[in-house]
Amino acid sequence: MGTGRRHRDILLSARMLEKARQQLQEEILRVQSQLLDEKKRREHQEALVRRLQRRVVLLTKERDGMRAILESYDSELTPAEHSPQLGRRMREAEDMVQKLHAHNTELEAQLSQVLEEVGNHKQRAEMLEVELKVLKSQQCTAEQSTVITKEEVDMLRLKIEELEAERSKLAEENRSLEMKLEKLTVQGDYDPSRTKVLHFSMNPTTLAKQQRKEEQQQLQEECERLREMVRVLEGGGSISGNLEGVGSFQSPQEVAELKKQVESAELKNQRLKEVFQTKIQEFRKVCYTLTGYQIDITTENQYRLSSIYAEHQGDCLLFKASSSSGGKMQLLETEFSRTIRELIDLHLLHQDSIPAFLSALTLELFSRQTIA
């Protein structure tokens, strides 16, 4: 868990560094764009200053030329014409000079404003260049850390791939163990750490079986003794000393009594057989009701199973036991078994579970009747 958390933290740091690097690149592009804009503005302002300076020079030359023309024109006039003409021209010249002064003042104001803007733009350009250098240094640092982070990311990816492969292997082993556990559970096995089996110290079934076995053994011994006595008496011989407790039975009445006892014992045995047969039939009915399968013995170690939900009367399964104990059963091929090949392949060949196969077949036949 600690290793996975450390891996997640490193991946998160790598993503944060990658995001910071992208933001720095975007900031550098934005600053470079602003720097180009400022350089264009500065070049434009410098061109405007140069144009204004050329215009000032032209105006200065034009003013000097006008003064020279006026002086040459005044030198040709007579003293009488000179005064009024000079006064008019003086006024015109003063007006012109005032306009020129105003225009020069305006040009100088524009020039100073342009120079001030140029200085501001130049200062801003220098600041942007400094910021650009800082961002470039930060980008170099970020690139170095990104290179290191990429190496760490590659190592982490390899580690993650190894962990994924190991996880897949463990998941496959877990599924295999679960299938084995399910198989053992179906076969009747259990986990002693989770399941506790209780055994009755005085189990009624065990006591009844033991008592029935003892009674049967006693009846058989008694029948054998009585048969031996009847056979000896009918032959006219004497009772053998090996027959315990019957040495005095020698008269015909006693023989008849012995015959009655034998008949009573045989009748008791017949009744026991009938009881056993009734219990067997009752047990078969209960199995048919609970499991949905009627089980018949066809030949020795061979059993026929007929489902309660069978569509046809002849639909049955044949199982053959490998021994009289029935430890291992084998499915024999019938016409009905050919129609359920998928269930046989899945539950018998792949899962090796006869109870699962019979349960799946019951559900399949029941669903067919329900749909129909």
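These lines cover the structure that appears in this document, whether it is placed above or below.

Calculation criteria
Residues numbered from 1 in each chain as written. Predicted model: local features only at pLDDT ≥ 70, side-chain atom pairs only at ≥ 80, totals over all residues. Heavy atoms only, no water. Helix = DSSP H or I, 4+ residues; strand = E, 2+ residues; numbered from the N terminus. Buried < 20%, exposed > 50% of the residue type's maximum accessible area, 1.4 Å probe, protein only. Contact = heavy atoms within 4.5 Å. Areas by Shrake-Rupley, 256 points an atom, 1.4 Å probe, with all protein chains shown as cover. Expected span 1.5 Å × (residues − 1). Polar contact = N/O pair within 3.5 Å; in protein donor to acceptor, adjacent residues only side chain to side chain. Pairing = 2+ DSSP bridges. Axes fitted to C-alpha atoms, helices over the stretch in contact; angles between N-to-C directions. Core = buried A, V, L, I, M, F, W, Y, C linked by side-chain atoms within 4.5 Å.

### Topic: the overall build of the protein
- The helix and strand tally for the protein stands at 6 helices and 4 strands.
- Going residue by residue from the N terminus, the α and β elements of the protein occur as α-α-α-α-β-β-β-β-α-α.
- Counting only residues that meet the buried cut, the protein has 20% of its 372 residues in that class.
- Contacts spanning at least 24 positions in sequence make up 51% of the contacts within the protein whose residues lie at least 6 apart.
- For the protein, the exposed surface amounts to about 28500 Å²; the carbon and sulfur share of it is 54%.

### Here we look at helix H6 (residues 354-371)
- Compared with the 26 Å implied by 1.5 Å per residue over 18 residues, the 26 Å span of H6 between its first and last C-alpha is a close match.
- Every buried residue of H6 is listed here: Phe357, Leu358, Ala360, Leu361, Thr362 and Leu365.
- With a side-chain oxygen positioned 3.2 Å from the backbone nitrogen of Ala356, the residue opening H6 is Ser353.

### Things to note about the pairing of strand S2 (residues 302-307)
- Relative to S2, strand S1 (residues 293-299) runs antiparallel, the two sharing 6 bridges. Opposite Ile295, over in S2, you have Leu305 as the bridge partner.
- Between S1 and the antiparallel strand that follows it, S2, lie 2 residues; Asn301 among them carries a positive phi value of about 65°.
- Inspection of the sheet shows S2 paired to strand S3 (residues 317-321) by 4 bridges, in the antiparallel sense.

### Observations regarding the sheet that holds strand S4 (residues 329-332)
- Read across the open sheet, the 4 strands follow the order S1-S2-S3-S4; overall the sheet is antiparallel. This sheet does not close on itself; its edge strands, each paired only once, are S1 and S4. Taking the axes of each pair of neighbouring strands and ignoring which way they run, one obtains an average angle of 30° across the sheet.
- Most of the contacts of H6 go to S3, to which it runs at about 170°, and overall it touches S1, S2, S3 and S4.

### Structural notes on the nonpolar core
- In terms of nonpolar packing, the biggest core is built from 14 residues, with Leu317, Ile340, Phe357, Leu358 and Leu361 touching the most fellow members.
- Secondary-structure elements contributing two or more residues to this core are S3, helix H5 (341-350) and H6.
- At 5 residues, the largest contribution of residues to this core is made by H6.
- One finds Leu35, Leu128, Leu132 and Leu135 within the second-largest nonpolar core, a separate group that totals 8 residues.

### Observations concerning unusual backbone geometry
- Here the phi dihedral of Asn301 falls at roughly 65°; this positive angle occurs in a residue that is not glycine.
- You can see Asn301 is positioned in the loop between S1 and S2.
- Backbone geometry at Asp352 places phi at a positive 55°, although glycine is not the residue there.
- With respect to the element layout, Asp352 can be found in the loop between H5 and H6.

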